[in-house]
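# Coordinate analysis (summary)
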Amino acid sequence: MNSEVVLILDFGGQYKELIARRVRECGVYSVIKPYKTSLEEIRKINPIGMILTGGPNSVYAPESPLCSKELFSMGIPVLGICYGMQLMNYLLGGTVNPCEKSEYGRIPVTIDRPSVLFEGLSPEQVALMSHTDQVSVLPEGFESLAHTATCPNAAVANPAKGLYGFQFHPEVENTVHGMEMLKNFLFGVCHARGDYTMDDYIDTQVAAVREKVGKDKVLLALSGGVDSSVCAALLSKAIPNQLVCIFVDHGFMRKNEGDEIERIFTKKDVEFVRVNAADRFLEKLRGVSEPEQKRKIIGKEFVEVFQEQAKRFSDVKYLAQGTIYPDVIESGTDSSATIKSHHNVGGLPKNMDFKGLVEPLNGLFKDEVRRVGKMLGLPNYLINRQPFPGPGLAIRIIGELTREKLDLLREADAIVREEIGKSRSKVNQYFAVLTNVRSVGVMGDDRTYDYTVALRAVTTNDFMTCEYAKLPHSLLSKIASRITNEVKGVNRVVYDITSKPPATIEWE
Ligand code: XMP
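Residues numbered from 1 in each chain as written. Predicted model: local features only at pLDDT ≥ 70, side-chain atom pairs only at ≥ 80, totals over all residues. Heavy atoms only, no water.

By the naming in an unreviewed UniProt entry, the protein chain goes by GMP synthase [glutamine-hydrolyzing] and is assigned to Yeguia hominis. Turning to the protein chain, the UniProt record has this under Catalytic activity (unreviewed entry): "XMP + L-glutamine + ATP + H2O = GMP + L-glutamate + AMP + diphosphate + 2 H(+)". Of the comments in the UniProt record for the protein chain, the one headed Subunit (unreviewed entry) reads "Homodimer." (UniProt positions renumbered as here; feature names shortened; annotations may be inferred.)

Following this line, the structure appears as structure tokens:
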């Protein structure tokens, strides 16, 4: 779709997504492909440059991921990072050995030779190193550009062939001028134009969707989360009056959320159907307190409600999904071929008969999805929404669900989000949990026997691990005081101070 693309070949490095995002931040579109990608496919992609990522292996170990040596004589500039640099050197006849002493962390790097990579930078740099191997002998035609106390070849180049390498990681913040180095590669070596913008992305997708679906109708399961909402907004621009959005309201949304979604999307040129299915879900969940069982029942019921509604639109030919680029990378397959089972609550039915899938966001990272949403006029509170599990508040109420408990949690959660939101504390996800514990309290002269609400607030980069947020005591006190005063049925508030692992972010 983009005339100018940088190809990132993945050798198993943990920073591949970060590299791809950094390249896009420079205004250059990037795609990540597995290291095994054939030369033929690479030619088809026709990149202006390639970046080989780091990885946990040793290039000389058996079964390490290798690429073809011909990759380096395609006339396309290559930047190898860490393992990627070692591999390039190794395949072209250099020597890679274990380091005498591994280098980890922020390390001073001295630039020894002027190079386009270090244009505009002073000779003393700080960079993130993380390696146990290093290049000891360079292949013919290569020169060393920089060194550290223990690494003689911290950056290398064969300018005549357009081949460059960093032993360190320019993509991370710990490499102070890493972005300038990446820019130097993109603009100084690959001669990028840097004209990739979200405007272009929207225009291209609008055109592509129009071409794909023609006059046919498209169905979208709108959950109200960031991805499906932005997907709906983009499709309503591309194919107004051909989009049907089904919003299954299971009754486990946060305070006012369902109404907000309805308000936003009924204003657009789409057919918006809100199914208020709370009674059905609660009925199915009666007497159920085991978390996995709750999730399964909710997932199954969601599919049933969605299918019942979808039947009413027999003229619909395409199914739209808010799949985003990290989902595509993770699944490692051509995402258009399968309907992701984990995308919406419980996954959509595989047996639904559609001509095809429409996934207009599947080239975007989350921050780009948010930017697109903003450009399409969605309100900030919707775009910057925290992650919210598909089963919603149902898995934040420990034990059996009731309408009363849901109402109570909704109020407590609204207070938590309001207070932490306006405190500007550094916290990535925060919410209230209704525990199944009741305890004795005192209100005025009366004894109470009411529920305990737990606060959960965490800091995390990837939601795979987290630390509990070190919120100020004054903020915690204010939240506790507001909840116990304003939410009838709660007389105690506790703060969850566990990290993940061993706990998870959600309680169920
Ligand atoms: P856990 O509880 O596993 O959560 O530490 C990690 C992140 O994932 C979110 N989460 C979900 N998101 N469907 C989702 O779309 C789910 O079923 C689900 N369960 C947990 C959770 O809020 C946290 O951000």
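## Brief notes about the site of the ligand
In the neighbourhood of the ligand, the contacting residues comprise Arg-295, Pro-387, Pro-389, Gly-390, Pro-391, Gln-429, Phe-463, Lys-500, Thr-504, Ile-505 and Glu-506. Contacts to the ligand include Lys-500, whose side-chain N or O atom sits 2.6 Å from an oxygen atom. Glu-506 places a polar side-chain atom, nitrogen or oxygen, 2.6 Å from an oxygen atom of the ligand. For the ligand, the protein covers 68% of the area, taking 490 Å² as the surface of the free molecule. (Near = heavy atom within 4 Å. Polar contact = N/O pair within 3.5 Å; in protein donor to acceptor, adjacent residues only side chain to side chain. Areas by Shrake-Rupley, 256 points an atom, 1.4 Å probe, with all protein chains shown as cover.)

## Side note on the packing of aromatic side chains
For the structure on display, the rule yields eleven aromatic pairs. Relative to Phe-166, the ring of Phe-118 lies with its centre 6.0 Å away and its plane at 55°, an arrangement referred to as tilted. Within this pair, whereas Phe-118 is found in the loop between strand 5 (95–111) and strand 6 (124–137), its partner Phe-166 is found in strand 9 (residues 163–166), the two being separated by 48 residues in sequence. Each of the two residues, Phe-118 as well as Phe-166, counts as buried. Ring geometry for Tyr-164 and Phe-185: centres 6.5 Å apart, planes at 70°, overall edge-to-face. Taken together, the residues span a long stretch of sequence, with Tyr-164 in strand 9 and Phe-185 in helix 4 (residues 178–189) at a distance of 21 residues. The two residues Tyr-164 and Phe-185 agree in class, both being buried. An aromatic cluster of three or more residues is present, and its members are Phe-11, Tyr-35 and Tyr-83. Over the ring of Tyr-451 we find Arg-438; its NZ or CZ atom is 5.5 Å from the centre of that ring. (Phe/Tyr/Trp six-rings, centres within 6.5 Å; stacked < 30°, edge-to-face > 60°. Helix = DSSP H or I, 4+ residues; strand = E, 2+ residues; numbered from the N terminus. Buried < 20%, exposed > 50% of the residue type's maximum accessible area, 1.4 Å probe, protein only. Lys NZ or Arg CZ within 6 Å of the ring centre and 35° of its normal.)

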